[in-house]
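# Survey of secondary and tertiary structure
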Amino acid sequence: MQNIYQPYLAGIIDIRQETPDIKTFKLKFRDKEIEGSFNYRPGQFVEFSVFGEGEAPFCIASSPTRKGSIECSVKRMGKVSQALHELDVGDTVGIRGPYGNGFPVEDLKAKNLLFVAGGIGLAPLRSLINYCLDNRDDFKAVTIVNGARTSRDLVYKSEYREWEKAGDTKLHLTVDCREEDWTCMVGVVPRILEQLKPACRDSSAIVCGPPVMIRYTMPVLLKLGFCAPSIITTLEMKMKCGLGKCGRCSIGNLYVCKDGPVFSLEQLRAFQYEC
Amino acid sequence: MPSEKFFVKEDLYNKLEELSKEFEIIGPRELPNKGIFYQSLKNTRDLYLGEGFAIEPIKRFFLKPSEWIFDERFRENKNILEGIPLPADKRIIISVRPCETRGLTLLDKVFDSDYKDNFYINNRKRTIIIGLACNKPAKNCFCTSMGGSPIESRGMDVLIFDMDRGLIAEILTDRGRELFASIGEGLNEGQRRLLKEDKEKKKDLVEKKLSPPEGKELDKIFESDYWEDVSRPCIGCGICTYLCPTCHCFDLVDERRKRLRCYDSCSFPDFTLEASGVNPRPTKKERYRQRVFHKFDYFKKNFGENLCVGCGRCIRHCPVKIDIADIVDKVPGLKKE
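Residue indices follow the written sequence of each chain, beginning from 1 at its first position. Lettering for chains starts from A, numbering for ligands starts from 1, and both go in the order in which the items are written. In keeping with the predicted nature of the model, local features appear solely for residues at pLDDT of at least 70, side-chain atom pairs appear and are counted solely at 80 or more, and the whole-chain, interface and lining totals rest on all residues.

## Here we look at the overall build of chain A
Worth spelling out the cut-off: Note on conventions: DSSP H or I runs of at least 4 residues are helices, E runs of at least 2 residues are strands, and numbering of each starts at the N terminus. The size measure is the radius of gyration over C-alpha atoms, and the globule rule it meets is 2.2 Å times the number of residues to the 0.38 power. Counting other C-beta atoms within 10 Å of a residue's C-beta gives its exposure: the residue is buried at 20 or more, exposed at 12 or fewer, and partly exposed in between, where C-beta atoms are placed from the backbone. Residues are defined as contacting one another if the C-beta atoms placed from their backbone atoms lie within 7 Å.
For chain A, the count of helices and strands is 9 helices and 15 strands. The C-alpha radius of gyration computed for chain A amounts to 18 Å, which stays within 12% of the reference 19 Å derived for 275 residues, consistent with globular compactness. Projected onto the principal axes, the alpha-carbon positions of chain A cover approximately 50 × 45 × 35 Å. In chain A, which comprises 275 residues, the share counted as buried stands at 49%. Here the contacts in chain A between residues at least 6 apart in sequence split such that 70% fall between residues at least 24 apart.

## Considering the nonpolar core
The criterion, for reference: By our criterion, buried Ala, Val, Leu, Ile, Met, Phe, Trp, Tyr and Cys residues that link up through C-beta atoms within 7 Å make up a nonpolar core.
Counting 123 residues, the largest nonpolar core has Cys72, Phe115, Val116, Ala205 and Ile206 of chain A as its most contacted members. No other element matches the 7 residues that helix H4 (residues 122–134) of chain A contributes to this core. In contact with Ala205 of chain A, other than residues within four places in its own chain, are Leu114, Val116, Leu221, Phe226, Ser230, Ile231 and Ile232 of chain A. In this structure, Phe6, Leu12, Ile26 and Ile93 of chain B belong to the second largest nonpolar core, which totals 33 residues.

## Some points on the sheet that holds strand E6 (residues 91–96) of chain B
Residue and element names in this part refer to chain B. To be explicit about the condition: Between any two strands, pairing holds if DSSP finds at least two bridges. Axes here mean lines fitted to C-alpha atoms, for a helix over just the part in contact, with angles spanning 0 to 180 degrees between N-to-C directions.
Strand order in the open sheet made by the 7 strands is E1-E9-E8-E7-E6-E2-E3, with mixed pairing throughout. Lying at the two open borders of the sheet, with one neighbouring strand each, are strand E1 (3–7) and strand E3 (35–40). For this sheet, the mean angle separating the axes of adjacent strands, direction not counted, is 25 degrees. In the sheet, strand E8 (residues 158–163) pairs with strand E9 (residues 166–171) via 6 bridges, with the strands oriented antiparallel. Counted as the bridge partner of Val158 is Ile171 from E9.

## So, the environment of Leu193 of chain A
Residue and element names in this part refer to chain A. With respect to the helices and strands, Leu193 occurs in helix H6 (residues 189–196). Note on Leu193: 25 C-beta atoms within 10 Å, which makes it buried. Each C-alpha atom of the pair Leu193 and Gly68 lies 36 Å from the other, and the pair is 125 residues apart in sequence. Here Leu193 is in contact with Val116, Val145, Pro198, Thr217 and Val220, once residues within four sequence places are set aside.

## Some points on H6 of chain A
All names here are of chain A. Spelled out, the test is: Along the arc lie the directions from the helix axis toward the C-beta atoms.
Inspection of H6 places Val189, Pro190, Ile192 and Leu193 among the buried residues, and these make up the whole buried set. When H6 is viewed along its axis, its buried side chains cluster within an angular range of 160 degrees and face the same direction. Across from the buried face of H6, at angles greater than 90 degrees, the exposed residues are Glu194 and Gln195. On its buried side, H6 packs onto strand E7 (112–118), strand E8 (142–148), strand E9 (169–175), strand E10 (185–186) and helix H7 (211–223). Remark: Lys197 follows H6 within two positions and exhibits a positive phi of approximately 45 degrees.

## Here's the deal with the domain arrangement of chain B
Residue and element names in this part refer to chain B. Cut-off, in case you're wondering: Segment limits for the domains were obtained from an automatic or database-derived domain assignment. Polar here means any residue outside two lists: the nonpolar Ala, Val, Leu, Ile, Met, Phe, Trp, Tyr, Cys and Pro, and the charged Asp, Glu, Lys and Arg; Gly therefore counts as polar.
Domain annotation for chain B reports domain 1 (3–203) and domain 2 (215–329). Computed over C-alpha atoms, the centres of domain 1 and domain 2 are 26 Å apart. Domain 1 puts 30 residues into the contact, and the matching count from domain 2 is 24 residues. When contributions to the side of domain 1 that touches domain 2 are tallied by element, the ones reaching two or more residues are strand E4 (66–75) and helix H2 (98–111). Along the lines of polarity and charge, the residues of the side of domain 1 that touches domain 2 split into 15 nonpolar, 6 polar and 9 charged.

## With respect to the domain arrangement of chain A
Residues and elements named next belong to chain A. With domains assigned, chain A is organised as domain 1 (8–99) and domain 2 (105–234). Elements supplying a minimum of two residues to the side of domain 1 that touches domain 2: strand E1 (8–19) and strand E5 (70–75). Of the residues belonging to the side of domain 1 that touches domain 2, the class tally is 7 nonpolar, 6 polar and 4 charged.

## Describing the sheet that holds E9 of chain A
All names here are of chain A. With mixed pairing, the 7 strands of this open sheet are ordered in space as E10-E9-E8-E7-E11-E12-E15. Every other strand in the sheet has two partners, leaving E10 and strand E15 (262–264) as the edge strands with one partner each. By the bridge criterion, 2 bridges tie E9 to E10 in an arrangement that is parallel. Looking at the pairing, Val175 lines up with Val186 of E10. Contacting E7, E8, strand E11 (203–208) and strand E12 (231–234), H4 runs over the sheet at an angle of about 155 degrees to E7. Each of E7, E8, E9 and E10 touches H6; the most contacted strand, E8, lies at about 145 degrees to it.

## A few points about helix H9 (residues 284–303) of chain B
All names here are of chain B. Threshold: For a helix, the expected span equals 1.5 Å multiplied by the residue count minus one. Throughout, the bend at a residue refers to the angle made by two axes, fitted to the seven residues ending there and to the seven starting there.
Taking 1.5 Å per residue as the helical rise, H9 with its 20 residues ought to reach 28 Å, and the 26 Å between its terminal C-alpha atoms agrees with that figure. Of all the bends in H9, the greatest measures close to 50 degrees and is centred on His294. Among the 20 residues in H9, 15 count as buried, and that is most of the element. Following H9 by one or two positions, Gly304 has its phi on the positive side, about 80 degrees.

## What to know about the pairing of E8 of chain B
All names here are of chain B. In the sheet, strand E7 (residues 127–132) pairs with E8 via 3 bridges, with the strands oriented parallel. Its bridge partner being in E8, Leu132 is matched across the sheet by Ile160. The hairpin formed by E8 and E9 contains 2 residues between the paired strands.

## Description of the interface of chain B and chain A
Note on interface size: it is often stated as the accessible area lost on association of the parts. Counting residues at the interface gives 35 residues for chain B, matched by 29 residues for chain A. Residues belonging to the side of chain B that touches chain A are distributed by class as follows: 17 nonpolar, 7 polar and 11 charged.

## Here's the deal with the environment of Lys90 of chain B
Residues and elements named next belong to chain B. Its place among the elements puts Lys90 in the loop between strand E5 (78–83) and E6. C-alpha separation for the pair Lys90 and Cys134, spaced 44 residues apart in sequence, amounts to 26 Å. With near-sequence residues (within four places) excluded, Lys90 lies in contact with Glu22, Phe23 and Arg126.

## A few points about the confidence of the model for chain B
The criterion, for reference: pLDDT is defined as a per-residue confidence score from the predictor, taking values between 0 and 100.
Here chain B shows a mean pLDDT of 92. Residues at 70 or above account for 98%. Confidence metrics for the complex model read pTM 0.92 and ipTM 0.90.

Structural data, given as structure tokens:
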């Protein structure tokens, strides 16, 4: 019987400094067989081991359509993420997963998609955005609203051009406060949504960002006519085991790690979860 | 169909002596000035067959307080992970209370479900359980309100009844039958009647009662101030969770190159504290409510049973006398019979 707590070994093959405190790690499994069998859906996460320091959950920020490696973007925060930031290309880490339900990709097909992201919250959405762009014909219009505190805090800058060039895809960037040389929008994400007034017909909104952004974004989306089942978010909690056993991430009788982390606003309301 | 056997204590001690060549024998032992503890018995005559209750549950023989999961090593310029070989030696745990074994059947639902914990499952498979029906439940016991009873045999291979003139063993599984093949004799008519009467009597021995709320009803008072009131005395020591036969929350931690799975507790503030500083269960209110809801609401919704066997340990050993049975019984605004 397999040891469910034992990770696969993976090597860091590239590190990209996204912002002063966020790095994207590109990982390749040491075992070719694992590399071939590691299938995941956008929105799933892995437990990331830095040996000697511990394990922490991070969403997979790459798209399953782009094979050969996986990517995780990590903000320098706690014990594991700090240790991770000290690592170099060539170092070995542990990966356990993939875990969680991921985004309901099948339900999103043939719909207009509105992505709403704040800061590092773009990481799980990036997986789905790139998945959609790689299967462009399966989805209708794609609108991305991406905000950050300052322009320095915007992640995945190197991909914006590709997203803008993709067919029927719009990217709106915003920063919280006015900056010199900044030509895109200014204002917090919920405000920008109020200005942009994205159409709600045949649409789903996929939202991820800091709790405060999510809290103020939900009512705006509802006002714009999005219904609760078509507003989707992915929750963050201290998920230790990823297996629905260790008891940390429960909300109601569900475990964020096993039954989530992706939930619709309708589901969150059903178990009295306050965004 | 269970069969029964009658023998005297001396026969049992001798049998255990014989079995100890093949099995590790674990059972309660009375330690002077300390209490009763389940231990590996070097001398099988140390086995305690009295009415007292062990301080710790048998949980730790299945779910170790700290389980060594793997080693990370560096060999020939390469990182490798080395799994820990699972112990194969067979064990007998004897004189186990019915509530404890029920606790294991509940832990099975967590660790032997979709993602299977091989450490736990291996420990379960290599262990034969011989129970002892309770002659005298303690004042904090409330097993009958949790679907158990002093004579409940679920999860056991053999259940022993301590009668005045000897012991009667109810053999429940093939493993148990094999073990007890050469000890005692079948019951005569009189003994059979005695056992029946004894069972009838023991069924109603437990005095503490509570009416557990149905899951859906507890939902309604999630936000109630009641949780703040009842958790006020709590000092967050976590003893209730460590001594609970069913509490199983754990942490995964690295110690140098070892990874360990260790007991953790929902009553500790840092249990859910995130690196960002956010804590979804910031005060005792949320933490104690989590314990009650996990036991009497969430687990019931997920697995159909309360995650509590009514052993009373958390009440007996709480330094501030928090009584979970009383708290659940007095939940406000719920229908009472």
